[in-house]
Structure formats: structure tokens, C-alpha cells
Amino acid sequence: MELKSLANRNKSKRPVVEEDDSDFAPPLSKRGVAWCNEVWCRLNSPKHSFLTWLAVQNRLKTRERLFKYKIIDSPDCILCSNDKEIVDHLFFKCETSLDCLKQLKDWLNWQVNLDSLQGLLKWIRKSNNSKFLKNVKMATVATLVYSIWRARNDLFWNSNRQQSAEIVKQIKWAVKNRIMFAMPKKVKQKDRDWFQLL
């Protein structure tokens, strides 16, 4: 009998969880994140999505972060040497990455004046474009993030500097091939025509 009374007492003393109580926030799967659909888009290559996810989360091992842990001597951007290499600078304040972004915007006829990764993701999410056009733009941004990081690593480890025109050429090829491989069946004819003209 004592066990039942203890159990009843404990039930009555359970804490009441308020909806706005931050300590008891719902699981992440129920809250979601704003950029999830853009980063994990079907037309993105998985490795491009993963690196974009790391960039959005600010988890890339940038030179500024390595300098803070005394692994390297300088936090300066290896691509332009104009500022500290942090995620916000690398995507897309750096001269090299900004030049690549401008060329890709021209290629897609994308009239937007944003030059930050978060801003581009938000613009893609809120734009009035068709789902296919949004996904093509997101695949291009994800491939750009991956290619900039790869060019940065190639310069750091192999002293091989790639010009922005060369990076953009590789991005265009990768985006076209990936979309041809993973193109959804239900794409409007006008969107297919637009893609064929790229």
C-alpha cells in the first residue's frame, strides 16, 4: 500500500511545462530549421549538401579557427589575404568567391544583390520561383560552397591557385550533370526549356 501512495504522490508533483519554456523546447525534428530544405535539396550532390550544412552551422575549420587554437601562424584568408578567414568572409565577401558568385548569378540570370550564404538561402526559400528553379539555384550555391572550400584547400595544401573562371567552369559542369542525373519527372516544360538553354 505504501508503494501506491508514493506513486500517486509523485504523479501529482510533476512539473508543469509551459510552451515558451526554453529548457523544455520541443525536439529539433518538430521545430525544424529554416534552411533545411535548401541545404538538403534533392538536386544537390550529398557531399555539397554536407559541406554547405557545415558552413551554415559555422563548423568549418577555417584559418581563423585554426589560428585561435595555435595550429597555424596567420588567420588571414588564403584566397585574398584581405581579411580573416571566417565562414562569413569566405562565403561570399572574399574577392575570389564573390567573383564566382557574380559569374554564376549571370549564368542563371539571377537578379539578387545578396552576398551572404544565409541571405541567399533565405532568398531561395522565399522566392516566387518554381520548385525546380529554386532547386537549381540551391544546387548551384551548394556546388559553389563546395568548390570554394576545395579551391581553398588546394591552395593551402598543394599551393595550386585556381582562377575564378576555372572554378565557375567546373561548377557549371557539375550542376548540369547532377541535375540531368537527378531531374524530377514532373518538371514544367518552360523550366525544362530554361535548363536546356544554360
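Now for the layout of surface pockets. Volume-wise, the largest pocket comes out at about 350 Å³. Around the largest pocket sit 16 residues that line it, and His48, Tyr146, Arg150, Gln170 and Ala174 are the ones nearest its centre. Elements that contribute at least two residues to the lining of the largest pocket include exactly α4 (46-56), α9 (131-158) and α10 (164-182). A per-class count over the lining of the largest pocket returns five nonpolar, seven polar and four charged. In this structure, the second largest pocket occupies an estimated 220 Å³ of space.

Right, let's talk about the packing of aromatic side chains for a bit. Applying the stated rule across the entire model yields six aromatic pairs. Each ring, one from Phe50 and one from Trp53, has its centre 5.7 Å from the other, and the planes form 35 degrees; the classification is tilted. Separated by three residues within a single helix, Phe50 and Trp53 lie in helix α4, roughly one turn from each other. Seen in terms of ring centroids, Phe156 and Trp157 are 4.8 Å apart; in terms of plane orientation they differ by 90 degrees. Their pairing is edge-to-face. For Phe156, a relative accessible area of 26% puts it in the partly exposed group. An aromatic cluster is built from Trp40, Phe50 and Trp53, whose rings are joined through pairwise contacts.

The rules behind each value
- Residues numbered from 1 in each chain as written.
- Predicted model: local features only at pLDDT ≥ 70, side-chain atom pairs only at ≥ 80, totals over all residues.
- Heavy atoms only, no water.
- 1 Å grid on protein atoms, 1.4 Å probe; cavity = no way out; pocket = protein on both sides within 12 Å on 5 of 7 lines; lining within 4 Å.
- Points joined across faces, edges and corners; volume = space filled by probe spheres on them.
- Helix = DSSP H or I, 4+ residues; strand = E, 2+ residues; numbered from the N terminus.
- Nonpolar A, V, L, I, M, F, W, Y, C, P; charged D, E, K, R; others polar.
- Phe/Tyr/Trp six-rings, centres within 6.5 Å; stacked < 30°, edge-to-face > 60°.
- Buried < 20%, exposed > 50% of the residue type's maximum accessible area, 1.4 Å probe, protein only.

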